[in-house]
Amino acid sequence: GNIMEEEHRELLRVNRTYLIQNLDPGALDNTLIEEKLLREDEFEELRSLKSKREKVEYLLGVLPRKGPTAFDGFLKVLEKTSGQEFIAVKLKARDTNGGIAEDSDSEEQDAARLAEEYPMKAKPRGRALIINNKRFTGEMKTRTGTDVDADSLEGLFRFLSFEVERVDNRRAFQIRQLLRDLANADHSKYDAVVVAILSHGENGQVYGMDEQLIPVEELTGYFKSSPSLAGKPKLFFLQACRGGRMDGGVDMPDGFDDSDIETPEIEQFIKDALAGDEVDATLSSLPSDADFLLSYATTPGYVSWRNQARGSWYVDALVQIFYKHATREHLLDMLTMVNQKVATEYKSSTGAKKQIPAPVTMLTRKLYFRPGK
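A brief structural summary. (Residues numbered from 1 in each chain as written. Predicted model: local features only at pLDDT ≥ 70, side-chain atom pairs only at ≥ 80, totals over all residues. Heavy atoms only, no water.)

## Notes on unusual backbone geometry
Across the junction of Lys123 and Pro124, the peptide omega takes the value -10°, indicating a cis bond. Assignment of secondary structure puts Pro124 in the loop between α8 (107-116) and β1 (126-132). Positive phi is not limited to glycine here, since Glu211 has a value of about 65°. Note that Glu211 resides in the loop between β5 (205-207) and β6 (213-215). Classification of Glu211 by relative accessible area gives partly exposed; the value is 22%. Positive phi is not limited to glycine here, since Arg370 has a value of about 45°. Under the relative-accessibility criterion, Arg370 is labelled partly exposed at 21%. (Helix = DSSP H or I, 4+ residues; strand = E, 2+ residues; numbered from the N terminus. Buried < 20%, exposed > 50% of the residue type's maximum accessible area, 1.4 Å probe, protein only.)

## Section: the nonpolar core
Grouped burial of nonpolar side chains is what soluble globular proteins tend to show. Core analysis: the biggest nonpolar cluster contains 65 residues, and Leu153, Phe157 and Phe322 have the highest contact counts within it. Ranked by residues supplied to this core, first place goes to helix α14 (residues 313-325) with 8 residues. Beyond its immediate sequence surroundings of up to four residues, Phe157 is in contact with Ala128, Ile130, Phe162, Val164, Val194, Ala196 and Phe237. Counting residues in each nonpolar core, the second largest holds 28 residues, with Leu178, Leu182, Ile214 and Met362 among its members. (Core = buried A, V, L, I, M, F, W, Y, C linked by side-chain atoms within 4.5 Å. Contact = heavy atoms within 4.5 Å.)

## Some details on the packing of helix α3 (residues 25-34) against helix α5 (residues 52-62)
One can describe the packing of α3 onto α5 by two numbers: an axis separation of 11 Å at closest approach and a directional angle of 40°. Taken together, the axes of α3 and α5 are oblique relative to one another. Taking contact as the criterion, the partners of Pro25, Leu28 and Leu32 in α3 are, on α5, Lys52, Lys55, Val56 and Leu59. When its residues are assigned to classes, the contact of α3 with α5 shows 5 nonpolar, no polar and 2 charged. (Axes fitted to C-alpha atoms, helices over the stretch in contact; angles between N-to-C directions. Parallel < 35°, antiparallel > 145°, perpendicular 65-115°, else oblique. Nonpolar A, V, L, I, M, F, W, Y, C, P; charged D, E, K, R; others polar.)

## Quick word on the sheet that holds β1
Ordered by their spatial adjacency, 6 strands build an open sheet running β2-β1-β3-β7-β8-β11, and the pairing between neighbours is mixed. Across the chains shown, the open sheet's two edge strands, defined by having one partner strand only, are β2 (162-168) and β11 (358-361). For this sheet, the mean inter-axis angle between neighbouring strands, taken without regard to orientation, is 10°. Strand direction decides the pairing type here: strand β3 (residues 192-198) and strand β7 (residues 234-239), joined by 6 bridges, are parallel. If you follow Ala196 over to β7, its bridge partner there is Phe237. (Pairing = 2+ DSSP bridges.)

Right under this line is the structure:
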């Protein structure tokens, strides 16, 4: 027949509010005609509507009448449109579960599962702050490619249902102020908080654009005493060096080449790095409280790599893994996958240098983002 499959119509219905909030019909423009989802006259009609809401509602009215292939066509349009890809991911995520069958758990099962999991139901889930330092006032190199990271994380955190604020190029005192304000805000209607910092760094510290260092433990410290975040996950994603030299150019001599290091030696290397003279910088930067997670791009004492076109290895891998698995896997399992991806799939342009991210967790339960739920 000429009607969309029932499950696909259902998906559009279930996600109606989400689509009205997130879909940008203007961006889809000509692709809708190329994919034969709209006739010329329907396209004109769509363009004549004033508000974004009316446009989305018009689309949602027309699409179900466009035949069994229209849903896949719509996904294709979203995937081709910059800034709308995350909507396709969300629609697909629900698609693979064959609808919404998983609500049939018994109440005991539900209660048991909740005891092991952080509540993750608030809409939005919480606030996310991205601090993206690209340019520096002194000698430090411009972090080319970092905007790719910031854009990717912004899209990802929105997909995970966070309310995102992003700032670029801030001095140390401004970064302190931003985090102090975020920590002191009222989070009682939220389930989590997220902070991502993209900058140059040294062991356990990050640089403001004025090239002043701020210890990570100071930044996490602001959040320890926030009453409305007690018992809620506080997630920090840190893309910066943790020693060696600045992250950056090609042919840097201080990654390690995995061809001559076996796994036990890597483990020993991590122990040594933690036990050696960097002990203050790394160990003291662990918050004493529960419910923190620090996801570092690299192990202590090592550089972190950034590609000028694709952004950093760590953020590139993180974003890919989270989009693909966040509907099913919990946070730590995904970070393990990120480790595997960065360790095995990325090499510096000379081919020798490697990196392994280092998540430090004080979470006390599993964290499932459950995007779209």
